[in-house]
Amino acid sequence: ASSVLNDRGLPKTDVRDAGNSARSDEIVAVVEKGRELGIREIAAHLPEYSEKMIQRELARLVSTGKVKKSGFKRWSRYSTAS
């Protein structure tokens with residue numbers, strides 16, 4: 001098993017992933033409360049995160065199957081996958 005090393009020869013860590021779990025959990029909790037929510041509606045419940053950050057996290061949650069997306073572009077709506 002090979003690991004990815006940074007320029008100093010140390011294991012590479014991605015700082016952007018450090019808060020993903022907590023952020024994902026918060027976004028999923030908001031989505032579970034509503035039927036189908038848009039990014040702005042989700043962002044209204046999570047003012048500590050930008051809409052862009054929520055959008056990126058939602059894309060990741062959709063790709064992992066935790067959240068379901070319907071619609072396209074600005075009309076996208078998100079709901080729980082179950």
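Per chain, the residues get numbers from 1 upward, laid out in the order the sequence is written. Side-chain atom pairs in this predicted model are given and counted only at pLDDT of 80 or more, local residue features only at pLDDT of at least 70, and totals for whole chains, interfaces and linings cover all residues. Excluded from the side-chain calculation are hydrogens and water; included are all heavy atoms of the structure.

Chemist: Can you help me understand the overall build of the protein chain in this one?
Modeler: A run of H or I in DSSP counts as a helix once it spans at least four residues, and a run of E counts as a strand once it spans at least two, with each numbered from the N terminus. For the protein chain, the helix and strand inventory stands at three helices and two strands. Each of the 82 residues in the protein chain was classed as buried or not, and the buried ones make up 27%. Contacts between residues were defined by any pair of non-hydrogen atoms, one from each residue, lying within 4.5 Å. Counting contacts in the protein chain only where the partners sit at least 6 residues apart, residues at least 24 apart contribute 40% of the total. Of the roughly 6300 Å² that the protein chain leaves accessible, carbon and sulfur atoms contribute 51%. The rule is simple: take the accessible area with a 1.4 Å probe, protein chains only, and divide by the maximum for that residue type; under 20% is buried, over 50% is exposed, in between is partly exposed. Every accessible area reported is derived by Shrake-Rupley at a probe size of 1.4 Å, with residue values counting cover from the shown protein chains alone.

Chemist: It is not clear to me how the packing of helix α1 (residues 20-33) against helix α3 (residues 51-63) should be interpreted in this structure. Could you clarify?
Modeler: Helix packing geometry: the angle between the two helix axes and the distance between the axes. To define axes, lines are fitted to C-alpha atoms, for helices over the stretch in contact only, and angles between the resulting N-to-C directions are given on a 0 to 180 degree scale. Where α1 contacts α3, the two axes come as close as 10 Å, and the packing angle between them is 90°. In this view, α1 runs roughly perpendicular relative to α3, as classed from their interaxial angle. For the pair α1 and α3, contact is made by Asn-20, Arg-23, Ser-24, Ile-27 and Val-28 and by Met-53, Ile-54, Glu-57, Leu-58, Arg-60 and Leu-61, respectively. Split by residue class, the contact of α1 with α3 holds six nonpolar, two polar and three charged. What sets the label is the angle itself: under 35 degrees gives roughly parallel, over 145 gives roughly antiparallel, 65 to 115 gives roughly perpendicular, and the rest give oblique. Note on residue classes: Ala, Val, Leu, Ile, Met, Phe, Trp, Tyr, Cys and Pro are nonpolar, Asp, Glu, Lys and Arg are charged, and everything else, Gly too, is polar.

Chemist: Would you mind showing me how to read the nonpolar core here?
Modeler: Burial of nonpolar side chains together is a common tendency in soluble globular proteins. In this description, a nonpolar core means a group of buried Ala, Val, Leu, Ile, Met, Phe, Trp, Tyr and Cys residues linked to one another through side-chain atoms lying within 4.5 Å. Among the nonpolar cores identified, the biggest contains 15 residues, and Ile-27, Ile-42, Leu-46, Ile-54, Leu-58, Val-67 and Tyr-78 are the most heavily contacted of them. For this core, the secondary-structure elements that each account for two or more residues are α1, α2 (39-45) and α3. The leading source of residues in this core is α1, at four residues. Contacts of Leu-58, omitting those with residues within four sequence positions, involve Ile-27, Ile-39, Ile-42, Val-67 and Tyr-78.

Chemist: Looking at this structure, I do not really get the pairing of strand β1 (residues 67-70). What am I missing?
Modeler: In regular strands, side chains alternate between the two faces of the sheet. Two strands form a pair only when DSSP identifies at least two bridges running between them. Here β1 runs beside strand β2 (residues 77-80); their pairing, made up of four bridges, is antiparallel. Paired with Val-67 across the strands is Thr-80, a residue of β2. With antiparallel pairing between neighbouring strands as the criterion, β1 and β2 make up a hairpin whose turn holds six residues, including Gly-71 at a positive phi of roughly 85°.

Chemist: I'm lost on α1 in this one. Help?
Modeler: Given 3.6 residues per turn, any residue in an α-helix points the same way as the ones three and four places further on. In a helix, the anticipated span is given by 1.5 Å times the number of residues less one. Given a rise of 1.5 Å per residue, 14 residues ought to cover 20 Å, and the 20 Å separating the end C-alpha atoms of α1 matches this to within 8%. Buried residues of α1: Asn-20, Arg-23, Ser-24, Ile-27, Val-28, Val-30 and Val-31, and no others. Buried positions in α1, seen along its axis, are confined to an arc of 160° and lie on one side of it. Residues Ser-21, Asp-25, Glu-32 and Lys-33 are exposed on α1 and point more than 90 degrees away from its buried face. Each direction from the helix axis to a C-beta atom contributes to the arc, which is the arc of those directions.

Chemist: Looking at this structure, I do not really get α3. What am I missing?
Modeler: Taking 1.5 Å per residue as the helical rise, α3 with its 13 residues ought to reach 18 Å, and the 18 Å between its terminal C-alpha atoms agrees with that figure. For α3, the complete set of buried residues consists of Ile-54, Glu-57, Leu-58 and Leu-61. One side of α3 holds all its buried residues, which, seen down the axis, span an arc of 105°. Opposite the packed face of α3, turned more than 90 degrees from it, sit the exposed residues Arg-56 and Ser-63. Residues of α3 that are buried in the fold lie against α1, α2, β1 and β2. Looking one or two residues past α3, Gly-65 carries a phi angle of roughly 85°, positive in sign.

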